[in-house]
Amino acid sequence: MDIYFDAPNLLSFIRSAKKDKYGDCIRMLKDHFSLHFSFSKSDVESFCDDDMNDFSLWMRSMDNLKEDIKWGDKTFDVSFDLKQVEKDQNKLMSVYCLQNSQCYANKGMLLIASLGDEVDILSTLFIESNQYTKNVFQKIKKWDDLLNYSSPTTDIILVDRFIFSNQELYSSNLYSILKVLCQKVNNQRVNIVIFTSKENGDVIDWDAIYTGIRNKVNGRYRPNVTFVTVNKEVLKEHDRSIFTNYKVFASGDSFNYFDSQGNKITKGRYLHVHSCADSSNADDAKVLVSDLQKIVSYIKEEIHNPNLIIKDKVSNFINF
């Protein structure tokens, strides 16, 4: 994962050493992150004495980094705009500690730290304590509990061959899950893509589901929703997965956990949350997206049946 710092935010982060999670965040940066500084090495010479001393001391402690620091990265030097990161998986899964990104800090689409909040933002990438992967099955008594493990996101990609097997469960599961995962997004449109299996005998009212999702999720900024519907020979994913920018959720038998009365009906034992702060988890997430892209490409280039991809066809991670 990449993290972008300008000088004020980096100095603010350095001076947050007394915060509880600071040490864990430092280890996370060393082990898993690529550091991008908007300022150059020569710019450090213009720091005041206190800033120079704090920065120099911190740099001496940052040994054994995963990658060399990218100095003088001017990618976001002039301005920060979501259009700069759309369609770029790495930037959509990055952390931003930049003064010129503050207008987006409260949008809930990307992890953007206000001055002084660097440790707090970074620590949201941990799944309880300092873990990157955790089975939270027993802690999910209702889908609202998933909010404790969600992060800002621009996109949600849900993979479940049987999520539409029982329409009586849509409200208590699919709609509830999507609503929770979009809850941290403020006044922005989220892109939702659902990969599912549709056999010849299935009768599914896509219009009703589309309307149901848009009415339940994210207030007046109704999401873009796309359904990718193929048979089980094409959608070979056994695992039920939900990809978001910073977290991936992997379930056992289904995401249909609750009946209409809120009773847990799943026979599964596992609901793992994987933080993409861990480089292995991030690589796995990108492989998942790549495999799903292959399904879309197969539909377009081999099957030549555009009717299998339904509704908005908008995503920052899947090319339709």
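Each value, and the rule that gives it
- Residues numbered from 1 in each chain as written.
- Predicted model: local features only at pLDDT ≥ 70, side-chain atom pairs only at ≥ 80, totals over all residues.
- Heavy atoms only, no water.
- Helix = DSSP H or I, 4+ residues; strand = E, 2+ residues; numbered from the N terminus.
- Buried < 20%, exposed > 50% of the residue type's maximum accessible area, 1.4 Å probe, protein only.
- Polar contact = N/O pair within 3.5 Å; in protein donor to acceptor, adjacent residues only side chain to side chain.
- Expected span 1.5 Å × (residues − 1).
- Bend = angle between axes of the 7 residues up to and from the residue.
- Phe/Tyr/Trp six-rings, centres within 6.5 Å; stacked < 30°, edge-to-face > 60°.
- Lys, Arg positive; Asp, Glu negative; His and termini not counted.
- Salt bridge = Lys/Arg side-chain N within 4 Å of Asp/Glu carboxyl O.
- Contact = heavy atoms within 4.5 Å.
- Pairing = 2+ DSSP bridges.
- Axes fitted to C-alpha atoms, helices over the stretch in contact; angles between N-to-C directions.

## Details of the environment of Lys139
- Structurally, Lys139 can be placed in the loop between β5 (133–135) and β6 (155–159).
- Overall, the relative accessible area of 46% leaves Lys139 in the partly exposed class.
- Sequence spacing of Lys139 and Lys70 is 69 residues, and the spatial spacing of their C-alpha atoms is 40 Å.
- A distance of 2.8 Å separates the side chain of Lys139 from the side chain of Glu128, its partner in a polar contact.

## Let's talk about helix α9 (residues 279–303)
- Along its 25 residues, α9 runs 35 Å from first to last C-alpha, staying within 8% of the 36 Å computed at 1.5 Å per residue.
- Along its length, α9 shows its largest kink, about 30°, at Ser297.
- For α9, the side-chain oxygen to backbone nitrogen distance between the N-cap and Ser280 is 2.9 Å, and the N-cap itself is Asp278.

## Remarks on the packing of aromatic side chains
- Within this structure, the stated rule accounts for 29 aromatic pairs.
- Ring geometry for Phe13 and Tyr22: centres 5.2 Å apart, planes at 45°, overall tilted. Just as Phe13 is buried, Tyr22 falls in that class too.
- For the ring pair Trp143 and Tyr257, a centre distance of 4.8 Å and an interplane angle of 40° mean the geometry is tilted. In this pair, Trp143 is assigned in the loop between β5 and β6 and Tyr257 in the loop between β10 (247–251) and β11 (271–275), connecting sequence segments 114 residues apart.
- Owing to a relative accessible area of 0%, Tyr257 belongs among the buried residues under this scheme.

## Some thoughts on the side chain of Asp6
- Following the sequence through the fold, Asp6 ends up in the loop between β1 (2–5) and α1 (7–14).
- Here Asp6 is buried and forms no salt bridge, its nearest opposite-charge partner Lys74 lying at an N-O distance of 10 Å.
- Among the polar contacts listed, one links the side chain of Asp6 to the backbone nitrogen of Asn9, at a separation of 3.1 Å.
- If we skip the residues at most four places from it in the chain, Asp6 touches Ser38, Phe39, Cys97, Leu98 and Gln99.

## Structural notes on the pattern of salt bridges
- Applying the stated criterion to the full structure yields 15 salt bridges.
- Two residues, Asp51 and Arg15, come together in a salt bridge whose shortest N-O distance is 2.5 Å. On the criterion of sequence distance, the pair formed by Asp51 in helix α3 (residues 49–61) and Arg15 in the loop between α1 and α2 (22–32) is long-range, its members being 36 residues apart.
- By relative accessible area, Asp51 is classed as buried at 18%.
- Note that Asp145 and Lys142 form a salt bridge whose closest N and O atoms lie 3.2 Å from each other.
- Within this structure, Arg15, Asp51 and Asp54 form a network of salt bridges that share partners.

## As for helix α7 (residues 170–181)
- The end-to-end C-alpha distance of α7, which contains 12 residues, comes to 15 Å, matching closely the 16 Å that a straight helix rising 1.5 Å per residue would cover.
- For α7, a buried count of nine out of 12 residues is recorded, marking the element as mostly surrounded by other parts of the structure.
- Contacts from the buried residues of α7 go to β6, β7 (191–197), α8 (206–216), β9 (240–244) and β10.

## A look at the pairing of β10
- Within β10, five of the five residues are buried, which leaves it mostly tucked inside the rest of the structure.
- Burial of β10 is two-sided: the residues Lys247, Phe249 and Ser251 facing one way and the residues Val248 and Ala250 facing the other way are all buried.
- Sheet analysis places β9 next to β10, joined by four bridges and oriented antiparallel. Bridged to Ile242 within β10 is Phe249.
- As judged from the five bridges shared by β10 and β11, these two strands associate in the antiparallel manner. Looking at β11, one finds that Phe249 is bridged to Val273.

## Points about the sheet that holds β7
- Sheet architecture is open: eight strands sit in the order β5-β11-β10-β9-β6-β7-β8-β12, paired in mixed fashion. Every other strand in the sheet has two partners, leaving β5 and β12 (309–311) as the edge strands with one partner each. Within this sheet the neighbouring strands show an average axis-to-axis angle of 15°, counted without direction.
- On top of the sheet, α8 reaches β7, β8 (224–230) and β12; it is set at about 145° to β8, its chief contact.
- Against the sheet, α9 contacts β5, β6, β7, β8, β9, β10, β11 and β12, and its axis sits at roughly 70° relative to β8.

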